[in-house]
Amino acid sequence: RGSFHIFDPEPGYPTRYMSAPRWILPLLLLLQFAAPARAQDPVLSLRIGEAENKLQVIEKSLDDPRKRLDREVLKLFQEQGQFVKQAAQECIDKNEAAINKSAGDLDLLGPQTLGDDKEVLEKRKSLNQSMLSHAQQLASCRLMRLRAHEVVDVALAKQQQQLASELFARRPNLLDNI
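Residue indices follow the written sequence of each chain, beginning from 1 at its first position. Local features in this predicted model are restricted to residues of pLDDT 70 or higher, and side-chain atom pairs are both shown and tallied only at a pLDDT of 80 or more, whereas totals for entire chains, interfaces and linings draw on every residue. Only hydrogens and water are set aside when side-chain values are computed; all heavy atoms of the structure are taken into account.

(A) Here's a closer look at the nonpolar core. Remark: nonpolar core denotes a set of buried residues (Ala, Val, Leu, Ile, Met, Phe, Trp, Tyr, Cys) joined through side-chain atoms within 4.5 Å. Under the scheme applied here, a residue whose accessible area is under 20% of the maximum for its type counts as buried, over 50% as exposed, and between as partly exposed, the area being computed with a 1.4 Å probe on protein chains only. Core analysis: the biggest nonpolar cluster contains 22 residues, and Leu 62, Phe 77, Val 84 and Met 144 have the highest contact counts within it. Put simply, DSSP marks the helices as runs of H or I at least four residues long and the strands as runs of E at least two long, and each gets a number from the N terminus on. Of all elements in the fold, only helix H2 (42–63), helix H3 (71–109) and helix H4 (118–167) reach the threshold of two or more residues within this core. Ranked by the residues each element gives to this core, the list is headed by H3, at nine residues. Other than its neighbours up to four places away in sequence, Val 84 contacts Ala 51, Lys 54, Leu 55, Met 144 and Ala 148. The criterion used for residue contact is that any of the two residues' heavy atoms lie within 4.5 Å.

And the structure:
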């Protein structure tokens, strides 16, 4: 009781039995037909690609010491930096959720034993690969968020420098400074 038997009768061979706990088959079916953890949200992938492109353009512009950027461009860079931070945070949240889901699925499978069925071993391997993939994406998204914070800070600092230099610039008429 509490187990079922899987057999594959072949002509001329004795019937082989494999015993497994009753909950393994429903669990494997549930895990098999659940949404794959590695499936990427195409909209999120597009947002991350767009955010990465924007971030590279901004970083390149801010790193060029010869380029003098006006306040409007720096303000635009700050807004774009906020977009990048939001996209990165969404990526972080989704990847953390996917990692937690895979970890929960692994917990449902229980501890690995030598007598695990082939399907259980394959599912365990798939979940581990999924967790690794999501962990790598998570690291990339965290780095993108950090870079976006730096871009926003640099743009703000440059904007403040420009404002300060304009305020303290010597002008012939005192009223021009106001």
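(B) Fine view of the pattern of salt bridges. Think of a salt bridge as a Lys or Arg side-chain nitrogen and an Asp or Glu carboxyl oxygen that are within 4 Å of each other. For the coordinates displayed, the defined rule picks out nine salt bridges. A salt bridge links Arg 142 to Glu 96; the shortest N-O distance between them is 2.7 Å. Here Arg 142, found in helix H4, pairs with Glu 96, found in helix H3; they are 46 residues apart in sequence, far enough to count as distant. Accessibility expressed as a relative area gives 29% for Glu 96, which makes it partly exposed. Arg 124 is the partner of Asp 116 in a salt bridge, and the nearest nitrogen-oxygen pair spans 3.4 Å. Members of the salt-bridge network, linked through shared partners, are Glu 52, Glu 59 and Arg 147.

(C) Fine view of the state of the cysteines. Sulfur atoms of two cysteines make up a disulfide when they are within 2.5 Å. Across all of its chains, the model carries one disulfide by this definition. Each disulfide pairs two cysteine sulfurs, and for Cys 91 the partner residue is Cys 141, the sulfurs being separated by 1.8 Å. Around the S-S axis, the bridge from Cys 91 to Cys 141 shows a dihedral of about 45° and counts as right-handed. Taken together, the residues Cys 91 in helix H3 and Cys 141 in helix H4 connect sequence positions 50 residues apart. Of the two residues, Cys 91 and Cys 141, both sit in the buried class.

(D) The arrangement of the side chain of Lys 85 in detail. Inspection of the secondary structure assignment puts Lys 85 in helix H3. In this tally Asp and Glu are treated as negative and Lys and Arg as positive; neither His nor the chain ends contributes. Asp 153 provides the closest opposite charge to the buried, salt-bridge-free Lys 85, at an N-O distance of 6.3 Å.

(E) Layout of the packing of H3 against H4. Look at H3 against H4: their axes get within 7 Å of each other, and the N-to-C directions meet at 160°. Accordingly, the angle class assigned to the pair H3 and H4 is roughly antiparallel. Note on packing geometry: the crossing formed by H3 with H4 is left-handed. Three classes are used, and their members are as follows: Ala, Val, Leu, Ile, Met, Phe, Trp, Tyr, Cys and Pro are nonpolar, Asp, Glu, Lys and Arg are charged, and the others, Gly among them, are polar. Here the residues of the contact of H3 with H4 sort into 23 nonpolar, 13 polar and eleven charged. To get an axis, a line is fitted to the C-alpha atoms, and for a helix only the part in contact is used. The angle between two axes follows their N-to-C directions and goes from 0 to 180 degrees. Orientation categories follow fixed angle ranges, with anything under 35 degrees roughly parallel, anything over 145 roughly antiparallel, 65 to 115 roughly perpendicular, and all other angles oblique. The crossing is said to be left-handed when, going from far helix to near helix, the turn is anticlockwise and less than a right angle, and right-handed when the turn is clockwise.

(F) Up close: the environment of Ala 97. Note on placement: Ala 97 falls in helix H3. Given a relative accessible area of 46%, Ala 97 falls into the partly exposed group. Sequence separation between Ala 97 and His 134 is 37 residues, and the spatial gap between their C-alpha atoms is 9.4 Å.

(G) A look at a nonpolar patch on the surface. A cluster of nonpolar side chains, Leu 163, Leu 167 and Phe 168, forms an exposed patch at the surface whose accessible area comes to about 340 Å². Mapping Leu 163 onto the fold places it in helix H4. Exposure remark for Leu 163: the relative accessible area of 40% places this residue in the partly exposed category. Patch definition: residues above 30% relative accessible area lacking any salt bridge, with like charges linked at up to 9 Å and the nonpolar side chains Val, Leu, Ile, Met, Phe, Trp and Tyr linked at up to 5 Å. Accessible surface area values rest on a Shrake-Rupley calculation with a 1.4 Å probe, where residue burial reflects the displayed protein chains alone.

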